[in-house]
Amino acid sequence: MTLPSPGRRARLGLAALTAALALGVYLLTLAPSVTLWDAGEFIAAAKVVGVPHPPGTPLWVMLAHVWGTLLPVGLFGWRLNLMTAVASAAGAGCFALIAWEALRRVPALAAEGGPRWLVPAGAVGAALAGAFTFTNWQNSNETEVYAIATCTIGLTCWLALRWREVRGTPAADRSLLLIVYLAGLSIGNHLLALLAGPAIVGALWMAQREAPAADPATRSRERATVAVVAGVWLLLIGVGLGSTALSLLGALAFLAAFAWAAGHGRTRFALVALAVALVGVTTYLFLYLRAGQHPILNEAQPDTWQSLLDVIRRKQYPPRGPFDDPTVRHGPGNPGRSLLLIGLQIANYFQYWAQQWSAGLTARVGVVAAATLYSVLGLLGSAAHRRADRTGWTLLGLLFLVTGLGLVGYMNFKPGFSLGYQWFPSFAQHEVRERDYFFVVSYVVWGIWAGMGVVLLARRAWDRIGGAGRIPAAGALLALTLLPVATNWAGASRARAPMSDLARDFAYDALNSVPPYGVLITFGDNDTFPLWYLQEAEGVRQDVTVFCLALAQTPWYLRQLRDRAVRPFDSTSAPAIWRDRAGPAPTTPLLNFTDEQIELVTSSLHPVDQATPVTLGPIAHVIPAGTVLAPNDVALLNLIALNLGHRPIVWSVSTGQSFLGLERYVVLRGLGYHLLTAPVDTTDAGILPASAAGIPVDIPTTTRLVRETFRWAHVDSMPERPTLEPQAEGILNNLAQPVLLLAVAADRAGDPAQALQYLILGGRLRPDPQVKEAITEMSRRAIGG
C-alpha cells in the first residue's frame, strides 16, 4: 500500500518548513565573521571578485559576490556565512522531499489506523537528522563551498525521483535537462555534486526497470534517455577534473549513448542535454576573464588557456594516484598503498562516523551509545526503504556508498590528523586536518535512514499503545530525529567564544603587530587567509604586504608580489602606536626577479656548496656551506636585500623560528619577529634579552600592543575556556606567547603583581600545567610582597 502522492503545494510547504527549521538552528550557531582554513580566502575572493585556490570555484565566487553586495547587513563575512546556511537549509528541504517519497511507500506507515501526519512529520525529522549530523552542521555555519554542493545533490536526487512520477509527460524531459544543467553548473562550485551521478543514473535505470512501460518502443526510448544522462555525466567528470583521458572516455560514452538515442527518436533530447550541460560549465570562463584583469586575489593566475587548464587540473598540488602510498611522493619510488594504510583510512572514516552523532559529548559511553543508536536506526530505516521502494533505495544507497567508502578508496588520504602515529610518527605523514567534510553526504544519507527508522518505531508505538497515550509516545519517539541537535550543538556551534572571533582577532593582532608599509611573513592557510579576509573584506591594514611562505614556492605568486602596488596606510583607523610612524610609502619593489629568474627559482631546491657572502641591505651575511635553500628562501633573501631599511620586515610568530641565519638581528614585538638593520642591543633596558623563545623581546612595544591594541577572542573575559581543535589551540598559543613573555619581563623587573596579571591572561590563552604552576607561584609571591 502507498499513500497518495502529495501535490505541489504540499511538497513546497514541507520543503519550506524543513528549510526554515534547519535555518533557524543554523542561525543560532552561525559564525559572526571569518573562521579558520579556507573561509578567509573565499570571503576575500568574493569581496574583490578574485580567484581563490584551484580549481577556482567561479560559480561560488560570482554567487557570493552578488549575495554579499545585495545584502547590506552585518559584516561581509557574516553575510556569506548566512548564504552557506541558506543553501544548506534548502538542501535539507530537498532531502525532506526524498524522505517523504520514501516513507509514503512503506506499507507499515501507509496502513489504515495510523496518523496521517506521521509520514510528513517524519520526513521533516529524517531530513533534519541528516542536516544536523556534525560535519554537515559545521559546513552550514561558515563560508565554504560544500553547502551549495550538498544542496545541488539534494535537488538533483529529488528531480530523479520526480522523473519517475512524471514519466511519459513533457515534464519528464524537463526534469532530466535540469539535472544535467545543474551537474554542469556544479563544476564551478565543487566536484562533490558530481558524485551524485551514479546514484541518479542508477535510480533512473531502476525506475524504468521496476515499472517498465507497456510499449516496447517507449521502453527503448527511456533506456536510451537514461544512457544519454549517464554519458553526459561521464563527460562532465572528465571536464571537471581536466583529465584528457577521462574526457575522451566520457566523449566516447556520450557518442555511444547518442547513437542509441538517435536510433530511438531521442536525437533532440541528447543534443539539448549536452548543450545545457556545457552551458553550465561555461562559468569557468569567468576565471580566464577575471584573472586577466589582475584582481588583488588571483591564485594561479589563469589568464591563459594553459594556466586555466592547469587550474582545472589542480596542477599546483602534488599528484597522488589511488594506488600510491599517500605518505610518499608520487613517482617510481612510491611503494604503493598497503593494507595497513587502507585499514587506517577505513578506520578514519568510521572515526568521523561516530562523531556525526556525538560531537558535543565528552563521555566515551555517550559517544558509543549515540553511534550505536544511530547505526541501528539507520539499518532499520534502510531495510524498510529497500523493501518498499527499490528505486529510492538505489538512489540513496549508491549515494551513500559513492560519497562514503567510495571516496575513501578514491581520495587515498594520508592517515588522519589524529590517527595512526604509532605506524606513521611524523606529522608530515598525516593529513594537516581532519577530512570528514569530504564524506559529508554519506553522513546525511545515513541520518535520513536513521530518521526513517525512528518513524517506523513511532508507528509501532502508535499501534501498540491505545487511547490518549499514543500521541505522546509517537511524538516522543519522533523527537529522536532531533537528538543530533542536542548531542552536536556544543561541537558544531561557531557562535560561541572563543571560536566565534578567534580567526578575526588573530588576524587583527597579527596585522597590527607590523609597522606601516611592512611585510608580514606567514606560513600557510590559517595564518594567511584570515589576514586576507580582514584586509579585503573589512579594509584593515591594507598597507601591510602578506608574504605567504607556502605560496612563495609558486611562480605566479612571486610575479604578483613583484608587480603589486603599495597600498596607502590609513592612520585614522590604525592603532595609536603606529599613527605617527608612517613616513612616505616605499618605492622599492618587493622583488626584482625577471619572469625567467622566477621560473628558475621555483623549479627546484638550491643547494649552497660553499660559504657564500650576500648583502642584505645594510647586513653583510654569509650563507653557510651545505645549506639547501627552498624557492621561498631565495625569494625571501631577495626581498630582504631590496627592502631592509626601506620597509619593516616581520615574521609572524606562527612561522616558527627559521630566520635564514639572521637571528641576532631579530626582536619580538607583539605577534611578530621584526628584522632590524643591526644586531639587537640586549643591554637596552627595554629589551628582554633571553626569552623562553630564544629571541629578545621589545618590552615597551609589546606592552603597548598587548594593552592597547590586541583582541583576545573573548578569552580574557572567560573564567575557563573549552578545549578546541588543534589548529585553534595553536592560534591561541601564538596569542599567548607575547603575554607570557611580558610576565617574565615583569617578574625580572621585580613586579610580581603585574607578572600575575599577564600570567592569568596567558593561562586562559594557554591553559597548560606549567602556566598554571607559574600562576600559583606568582600569586604566592604577589601576596607575600
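Quick caveat: nothing in here was measured; it's all calculated off a predicted structure.

It is worth spelling out unusual backbone geometry at this point. Between P54 and the following residue, P55, the backbone shows a cis peptide bond with an omega angle of 15°. By secondary structure assignment, the location of P55 is in the loop between α2 (39-48) and α3 (58-70). P498 follows A497 through a cis peptide bond whose omega is 5°. Locating P498 in the fold gives a position in the loop between α22 (483-492) and α23 (502-511).

Moving on to the side chain of T143. If you trace the backbone, T143 turns up in the loop between α7 (134-140) and α8 (146-165). Taking the relative accessible area as the measure of exposure, T143 reaches 0% and is therefore buried. Among the polar contacts made by the side chain of T143, one reaches the side chain of N81 at a distance of 2.7 Å. Filtering out sequence-adjacent residues up to four positions away, T143 remains in contact with A39, F42, I43, W60, G77, L80, N81 and T84.

Estimated volume of the second largest pocket: approximately 1300 Å³. Lining the second largest pocket are 43 residues, and of these F134, Q138, Q355, G491 and E725 lie nearest its centre. Contributing elements (two or more residues each) for the lining of the second largest pocket: α7, α16 (339-355), α22 and α29 (726-748). Residue classes in the lining of the second largest pocket are distributed as 20 nonpolar, 14 polar and nine charged.

Another aspect to go through is the packing of aromatic side chains. Counting across every chain of the model gives 31 aromatic pairs. Here W556 and Y557 contribute two aromatic rings whose centre-to-centre distance is 5.7 Å and whose plane-to-plane angle is 80°, an arrangement assigned as edge-to-face. Neither W556 nor Y557 differs from the other in exposure class; each is buried. The aromatic ring of W393 is capped on one face by R386, whose charged end is 5.2 Å from the ring centroid. The side chain of R711 reaches across the aromatic face of Y508, ending 3.6 Å from its centre.

Reading the values: the criteria
Residues numbered from 1 in each chain as written. Predicted model: local features only at pLDDT ≥ 70, side-chain atom pairs only at ≥ 80, totals over all residues. Heavy atoms only, no water. Helix = DSSP H or I, 4+ residues; strand = E, 2+ residues; numbered from the N terminus. Buried < 20%, exposed > 50% of the residue type's maximum accessible area, 1.4 Å probe, protein only. Polar contact = N/O pair within 3.5 Å; in protein donor to acceptor, adjacent residues only side chain to side chain. Contact = heavy atoms within 4.5 Å. 1 Å grid on protein atoms, 1.4 Å probe; cavity = no way out; pocket = protein on both sides within 12 Å on 5 of 7 lines; lining within 4 Å. Points joined across faces, edges and corners; volume = space filled by probe spheres on them. Nonpolar A, V, L, I, M, F, W, Y, C, P; charged D, E, K, R; others polar. Phe/Tyr/Trp six-rings, centres within 6.5 Å; stacked < 30°, edge-to-face > 60°. Lys NZ or Arg CZ within 6 Å of the ring centre and 35° of its normal.

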